[in-house]
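Listed here are the chains, written in short residue letters.
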Amino acid sequence: EAAVAEQVNRLSRSNVGNGSAVVIDPKTGEVRALVGSKDWYNESFGKFNIATTTRQPGSSFKPISYATGIENKDFSAATILHDKPTDFGGGYSPKNYDLKYRGDVTVRQSLANSLNVTTIEAQKMAGVDETVDIANKLGISTVDKKTDYGLSIGLGTAPAKLIDMTNAYATF
């Protein structure tokens, strides 16, 4: 609870007002700790359990997209991706968080640096439906094939619960 409160306070300048945490034993899948909100007793938001509510996971979803491509042998950690301005169709041209481009990078470098452009390139190779399948196998049940997420799924636009994302990471 103290760690969640401290992190939320640290991020308050970025308009973060609440947070949660989940700790899972990766060997057993047992939930060892769950903090649903910064302050359970806060009348405005305290009783809202962020850990079990769907939200866009953002860049924390990227490893699932990369895992899909590696699992299905679409690419390896050493495959070269192209971090440059790219239109992936229909005017969809994602940018990196720092608005910089790094040229040719490996999948490993792309994931380590959380690059958006190369993640979408990798997502295109891995396939959206295939990524949904892997997400489901990892326990993320809120992602389904009935929804057309498009390539942006690789940047974490599909809804997921923190508890499910934590469980997926425990698998890794």
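None of the values given here were measured: they were computed from a predicted structure.

Visitor: How do you make sense of unusual backbone geometry when you look at a structure like this?
Guide: Non-glycine residue K73 carries a positive phi angle of around 60 degrees. Here K73 is to be found in the loop between α2 (62–71) and β4 (80–83). K73 sits in the exposed class, given a relative accessible area of 73%. If you check the backbone angles, S114 has positive phi at about 50 degrees while not being a glycine. Looking at the secondary structure, you find S114 in the loop between α3 (107–112) and α4 (116–126). Judged by its relative accessible area of 23%, S114 is partly exposed.

Visitor: Help me understand the layout of surface pockets in this model?
Guide: If a probe the size of a water molecule is rolled over the atoms, the empty space left behind becomes visible. One number sums up the size of the largest pocket: a volume of about 480 Å³. Taken together, 21 residues form the lining of the largest pocket, with G19, S20, I50, R55 and L162 sitting closest to its centre. Counting residues per element, the ones that place at least two in the lining of the largest pocket are α1 (2–10), β1 (21–24), β6 (160–161) and α6 (162–171). In the lining of the largest pocket, the residues fall into 11 nonpolar, 8 polar and 2 charged.

Visitor: Mind showing me how you'd approach the side chain of D25 here?
Guide: Mapped onto the elements, D25 comes out in the loop between β1 and β2 (31–35). Within the structure, D25 has its side chain in polar contact with the backbone nitrogen of K27 (distance 2.8 Å).

Analysis parameters
Residues numbered from 1 in each chain as written. Predicted model: local features only at pLDDT ≥ 70, side-chain atom pairs only at ≥ 80, totals over all residues. Heavy atoms only, no water. Helix = DSSP H or I, 4+ residues; strand = E, 2+ residues; numbered from the N terminus. Buried < 20%, exposed > 50% of the residue type's maximum accessible area, 1.4 Å probe, protein only. 1 Å grid on protein atoms, 1.4 Å probe; cavity = no way out; pocket = protein on both sides within 12 Å on 5 of 7 lines; lining within 4 Å. Points joined across faces, edges and corners; volume = space filled by probe spheres on them. Nonpolar A, V, L, I, M, F, W, Y, C, P; charged D, E, K, R; others polar. Polar contact = N/O pair within 3.5 Å; in protein donor to acceptor, adjacent residues only side chain to side chain.

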